[in-house]
Amino acid sequence: MMFQTIAPIFVLVAVGFAAVRTGYVGADTIRPLGAFVVRVALPALIIRSIGGLPFGQAVQPGFVLAYAGASLAVMLLALIVTRRVLRGGMSEAAMAGLGAATSNTGFMGYPIGSMVLGPALGAQLMAQCMIVEIMLIIPLAMVISDVARGGRGRVVGQVLASLLRNPILAALAVALLISGSGATVPPMLDRVLGLLAGVSAPLALFVIGGTLAALPFQGLADRLGVILLGKLVLHPLLAMGALALVPGLDPQMRAGGVLFAAMPMFTIYPIFGQRAGVEMMTASALVAATALSFVTLSVWMALIFP
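The following refers to the structure shown. These figures come from a predicted structure and were not determined experimentally.

**Side note on the pattern of salt bridges**
1) Next: Enumeration according to the criterion identifies 2 salt bridges in this entry.
2) Next: Linking Asp-190 and Arg-48 is a salt bridge whose minimum nitrogen-to-oxygen distance equals 3.2 Å. A residue pair is termed long-range when its members are at least 10 positions apart, and Asp-190 in helix 10 (residues 187–198) and Arg-48 in helix 2 (residues 30–50) qualify at 142 residues.
3) Next: Across the pair Glu-92 and Arg-223 runs a salt bridge whose closest N-O atoms are separated by 3.0 Å. Highlighted residues: Glu-92 in helix 5 (residues 90–101) and Arg-223 in helix 12 (residues 221–244), separated in sequence by 131 residues. Considered together, Glu-92 and Arg-223 belong to a single accessibility category, that of buried residues.

**Concerning the environment of Lys-231**
1) Next: Along the chain, the position of Lys-231 falls in helix 12.
2) Next: The spatial distance from the C-alpha of Lys-231 to the C-alpha of Asp-28 is 29 Å, given a sequence separation of 203 residues.
3) Next: Within the structure, the side chain of Lys-231 is placed 3.1 Å from the side chain of His-235, a separation counted as a polar contact.
4) Next: Separated by 2.5 Å, the side chain of Lys-231 and the backbone oxygen of Ala-261 make a polar contact.

**Comments concerning the packing of helix 2 against helix 7 (residues 119–148)**
1) Next: Running from amino to carboxyl end, helix 2 crosses helix 7 at an angle of 115°, the nearest separation of the two axes being 9 Å. Here helix 2 lies roughly perpendicular to helix 7, going by the angle between them. Crossing hand, helix 2 versus helix 7: left-handed. Contacts between helix 2 and helix 7 pair Leu-42, Leu-45, Ile-46, Ser-49 and Ile-50 from the former with Pro-119, Ala-123, Gln-124, Met-126, Ala-127 and Met-130 from the latter.
2) Next: Grouping the amino acids of the contact of helix 2 with helix 7 by side-chain chemistry returns 9 nonpolar, 2 polar and no charged.

**Focus on a nonpolar patch on the surface**
1) Next: The grouping of Phe-36, Val-40 and Val-199 at the surface amounts to a nonpolar patch, some 190 Å² of accessible area in total.
2) Next: The residue Val-199 is located in the loop between helix 10 and helix 11 (200–213) in this model.
3) Next: With a relative accessible area of 34%, Val-199 lands in the partly exposed category.

So, how was this worked out
- Residues numbered from 1 in each chain as written.
- Predicted model: local features only at pLDDT ≥ 70, side-chain atom pairs only at ≥ 80, totals over all residues.
- Heavy atoms only, no water.
- Salt bridge = Lys/Arg side-chain N within 4 Å of Asp/Glu carboxyl O.
- Helix = DSSP H or I, 4+ residues; strand = E, 2+ residues; numbered from the N terminus.
- Buried < 20%, exposed > 50% of the residue type's maximum accessible area, 1.4 Å probe, protein only.
- Polar contact = N/O pair within 3.5 Å; in protein donor to acceptor, adjacent residues only side chain to side chain.
- Axes fitted to C-alpha atoms, helices over the stretch in contact; angles between N-to-C directions.
- Parallel < 35°, antiparallel > 145°, perpendicular 65-115°, else oblique.
- Left-handed = near helix turned anticlockwise from the far one by under 90°.
- Contact = heavy atoms within 4.5 Å.
- Nonpolar A, V, L, I, M, F, W, Y, C, P; charged D, E, K, R; others polar.
- Patch = residues over 30% accessible without salt bridge, like charges linked within 9 Å, V, L, I, M, F, W, Y side chains within 5 Å.
- Areas by Shrake-Rupley, 256 points an atom, 1.4 Å probe, with all protein chains shown as cover.

Here it is, written out as structure tokens:
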């Protein structure tokens, strides 16, 4: 059952990979497709799904705090092991922590979550997990990495500017405004948003495959071991423990939080790695984690959806 659920997801990833690797689709078209998903399709999905929820359900503080605690814990563990045990630089350690603590929330989390839990809950989980990643984990990793490389001061302004420009956060703000005011989206606009939201999942999975096809892979066993263990095992394990402590949390949402934490890291992870001077490590980790997640996600799904 779990194999039948997850197999179509990875078939779509494989289609994107094969299309770019064979030259059927040019590698230069993948970035615009990804930009469309992030800037148009996913925001439409969030506005349509979250905006229609009662305000108290749109963002649940207990869930956000528990997920943030699990993500921060695994990030610090990966950072400390890379720095103290493997003797890596602080910038490299920050990127290891980033890889262990951030999930491919929009491009894999939502497609898989919507299949298992339904589109509405999948979108709700995606929005709340993205709050943690965009507002806490990514800025913290960027600050640590930049300060370690001598960029004191300027990174703070860059992080703040990036947050203000982020289309996911802008869409979430609009959705919460609609939810809090009790307003409804006009039917015609709702249909437009529905059409845009409908393409987000398959197109996002195709983009993942195309992105992986353009990445190099190189063995960095010790560093990769820390990142992969943190991302695919420890992150969902810590999320399971943290979410179990939230009183009154819906069991489906608790299971969904574990599922989202079990996703491999986001596809732009190597871009952050390039800035920190560890592009090969981050690109290799992304390829390996995405491939291994076919197995690990099946295991996690069997555990949380018996």
